[in-house]
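Residue-level structure breakdown
Each chain, written out:
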Amino acid sequence: MNNNRDIIARLREHIPSFECTPGCHDCCGPVTTSSEEMSNLPVKTDAEHDAALENFTCVHLGPNGCEVYDDRPLICRLFGTTPNMACPNSCRPKNMVDPDIEDQVHYYIANTRQVLV
C-alpha cells in the first residue's frame, strides 16, 4: 500500500515542468497543501503568513521568485500544465500533464488534510 509520501513522489514525476515568464508570479497566491508536503517547507512566522495573505501571495514568494521551488506543493506544480489551470501568459510545457495524473492530484488534495502554506 502506498503512503502519502510515495503518492506525492509518483505524482511529481508525472507533472511536466516548463519555463515561466521571468518576473511573473501570477500562480504564487495563497495555496493549501498536505501536511506531508508542508513538512518539507521552511516554517514561517505568523507575521510572515499575515503579510503574505494581506498581499494575496504565497509566504514562500521571495524577491527572486519561489524560495521553495524544488519542494513546492503539487498544486503549484500543476499550475500551467493543464488547460484547467492555464498560465495567463500562455506558458506551458511541450506536453501537458496527462488528464489522469491531474485527476489523481485533485483526488489526493480532496482526500488529505490540507493546511494553508
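Before reading further, recall that the structure is shown in the block above.
Model, not experiment: these values are computed from the prediction.

Within the chain, the regular secondary structure consists of five helices and four strands. When the helices and strands of the chain are placed in sequence order, the string is α-β-α-α-β-β-α-α-β. Its C-alpha radius of gyration of 14 Å places the chain within 12% of the 13 Å reference for a compact globule of 117 residues. Along the three orthogonal principal directions, the C-alpha set of the chain runs to about 40 × 35 × 20 Å. Relative to its full complement of 117 residues, the chain shows a buried share of 37%. At a minimum sequence separation of 6, the contacts of the chain that also span at least 24 residues come to 75%. As displayed, the chain offers around 7300 Å² of accessible surface, 50% of which is attributable to carbon and sulfur atoms. Considering the chain, the positive charge centre built from 9 side chains and the negative charge centre built from 17 side chains are found 5 Å apart.

A word on the nonpolar core. With 20 residues, the main nonpolar core has Leu11, Ile15, Leu74, Ile101, Val105, Tyr108 and Val117 as its most contacted residues. Every element with two or more residues in this core is listed here: α1 (4-13), α4 (74-78) and α5 (99-110). Of the residues forming this core, the biggest block, four residues, is contributed by α5.

The subject of this paragraph is unusual backbone geometry. The phi angle at Phe56 is positive, at roughly 55°, despite the residue not being glycine. Checked against the element boundaries, Phe56 lands in the loop between α3 (46-54) and β2 (61-62). One non-glycine residue, Ser90, lies in the positive phi region at around 65°. Structurally, Ser90 is set in the loop between α4 and α5.

Looking now at the packing of aromatic side chains. Under the defined criterion, the tally for this structure stands at zero aromatic pairs. Lying across the ring of Tyr69, Arg72 places its NZ or CZ 3.8 Å from the centre.

Each value, and the rule that gives it
Residues numbered from 1 in each chain as written. Predicted model: local features only at pLDDT ≥ 70, side-chain atom pairs only at ≥ 80, totals over all residues. Heavy atoms only, no water. Helix = DSSP H or I, 4+ residues; strand = E, 2+ residues; numbered from the N terminus. Rg over C-alpha atoms; globule rule 2.2 N^0.38 Å. Buried < 20%, exposed > 50% of the residue type's maximum accessible area, 1.4 Å probe, protein only. Contact = heavy atoms within 4.5 Å. Areas by Shrake-Rupley, 256 points an atom, 1.4 Å probe, with all protein chains shown as cover. Lys, Arg positive; Asp, Glu negative; His and termini not counted. Charge placed at Lys NZ, Arg CZ, Asp CG, Glu CD. Core = buried A, V, L, I, M, F, W, Y, C linked by side-chain atoms within 4.5 Å. Phe/Tyr/Trp six-rings, centres within 6.5 Å; stacked < 30°, edge-to-face > 60°. Lys NZ or Arg CZ within 6 Å of the ring centre and 35° of its normal.

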